[in-house]
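Descriptive analysis of the structure
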Amino acid sequence: MHFSAATATASLFTFFSLASAGAVPAYPGYKVIWSDEFTGEAGAPPSYSKWNYALNTDTNNELQAYTTSNQNVQLSGGSTVQFVPRKDATGKWSSGRLESQATFTPSANRTTLVEASIRFGDLATSQKKGLWPAFWMLGDAIHHGTSWPACGELDIMETINGLLTGYGTAHCGGGANGEAVGGPCNEPMGVPHTVLLPDYGWHTWSLSIDRTNAGGDWRAEKISWLLDGKVYGTLMGSDINDEGVWATLARSPLFIILNLAVGGDWPGQPDANTADGYGNMMEVEYVAVLEA
Ligand SMILES: *[C@@H]1O[C@H](CO)[C@@H](O)[C@H](O)[C@H]1NC(C)=O
């Protein structure tokens, strides 16, 4: 794993010196490359040295305005970060989205694990219509002139409308001229994997990028999606069957995104029962990138 943030050493010290709730697990054989355990005072912003607020990013006809307000994104004071959807008196929605400053490139001959522990507010499903929390990665090429989906996208966790289905999806390639149509990831749908989510409580969502194949054969490289340590989906280089496109997913710099969208093409609009506030938040205990 190559990483570009200057703060990695500090985060490793944090990892070893704190035994807070929601700490990054110690997985045998893995070392932590980068992490955030969201320590700090209640109401404080997340670490500016690790995260950027992303404000103008709507690509799915979403309703929310992303803000830098701690009404929408804040540390809880209990070593978590909370993404809280809010609806104002005029019916306008706001929410939060963070993007890692660091980018992560899966190393040759190693396995890279990108993981977060996440829970959702415990309001009833009938009050969650239109909500779309997500933990995902985008190819950093999108910051350097490459459009979506050619930049590559790995969705580690998405849920919509409070339904107890988790989605882990790859987006890549597209048409001959970069259109979001067809290609090895069957755009705009992508290559989805689904898993039954037991409840809205704490669960561990992971993406493993396994480049430990002997001889460096890209076809034998494997991306796996895991819920609570159990694999529920895999994608091999041979499934994509295009070395350059595969490289955008498994061999190129990616950054991490945490967000809670409201409305948009996939979940559809919120309805009159959709509630704002903590009961519909996405809460994250840690995000970590590990390598074995
Ligand atoms: C990865 O393994 C292959 C095959 O054993 C070797 O040729 C290559 O040098 C290794 N690459 C790295 C970066 O260690």
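Residues numbered from 1 in each chain as written. Predicted model: local features only at pLDDT ≥ 70, side-chain atom pairs only at ≥ 80, totals over all residues. Heavy atoms only, no water.

Now for empty space enclosed by the protein. Tallying each qualifying case throughout the model produces 1 cavity of 30 Å³ or more. In terms of lining residues, the largest cavity is bounded by F120, K128, L131, P133, T159, G162, L163, L197, Y200, L260, N280 and M281. Looking at the lining of the largest cavity residue by residue, the classes come out as 8 nonpolar, 3 polar and 1 charged. (1 Å grid on protein atoms, 1.4 Å probe; cavity = no way out; pocket = protein on both sides within 12 Å on 5 of 7 lines; lining within 4 Å. Points joined across faces, edges and corners; volume = space filled by probe spheres on them. Nonpolar A, V, L, I, M, F, W, Y, C, P; charged D, E, K, R; others polar.)

Our focus in this paragraph is the site of the ligand. Around the ligand, the structure places A108, N109 and G215. For the ligand, an oxygen atom lies 2.4 Å from a polar atom in the side chain of N109. (Near = heavy atom within 4 Å. Polar contact = N/O pair within 3.5 Å; in protein donor to acceptor, adjacent residues only side chain to side chain.)

This paragraph deals with the confidence of the model for the protein. Across the protein, pLDDT averages 92, with 92% of residues at or above 70. Considering only residues more than four positions removed or in separate chains, one finds that residues 1–20, a stretch of pLDDT under 50, has 34 contacts. (pLDDT = per-residue confidence, 0-100. Contact = heavy atoms within 4.5 Å.)

Burial within strand β14 (residues 165–171) is extensive, with 5 of its 7 residues counted as buried. In the sheet, strand β13 (residues 153–158) pairs with β14 via 4 bridges, with the strands oriented antiparallel. Following the sheet pairing, E153 is matched in β14 by H171. Turn length for the β13-β14 hairpin, with the two strands adjacent in sequence and antiparallel, is 6 residues, and the turn residue N161 shows positive phi of about 60 degrees. Here β14 runs beside strand β15 (residues 191–196); their pairing, made up of 6 bridges, is antiparallel. Across the sheet, G166 pairs through a bridge with V195, a residue of β15. (Buried < 20%, exposed > 50% of the residue type's maximum accessible area, 1.4 Å probe, protein only. Helix = DSSP H or I, 4+ residues; strand = E, 2+ residues; numbered from the N terminus. Pairing = 2+ DSSP bridges.)

Attention now moves to the environment of S206. Mapped onto the elements, S206 comes out in strand β16 (residues 203–210). Once the C-alpha coordinates of S206 and V245 are considered, the two residues, 39 residues apart in sequence, prove to be 22 Å apart. When sequence neighbours within four positions are dropped, the list of residues in contact with S206 reads L113, V114, E115, I156, S224, W225 and L226. Separated by 2.8 Å, the side chains of S206 and E115 make a polar contact.

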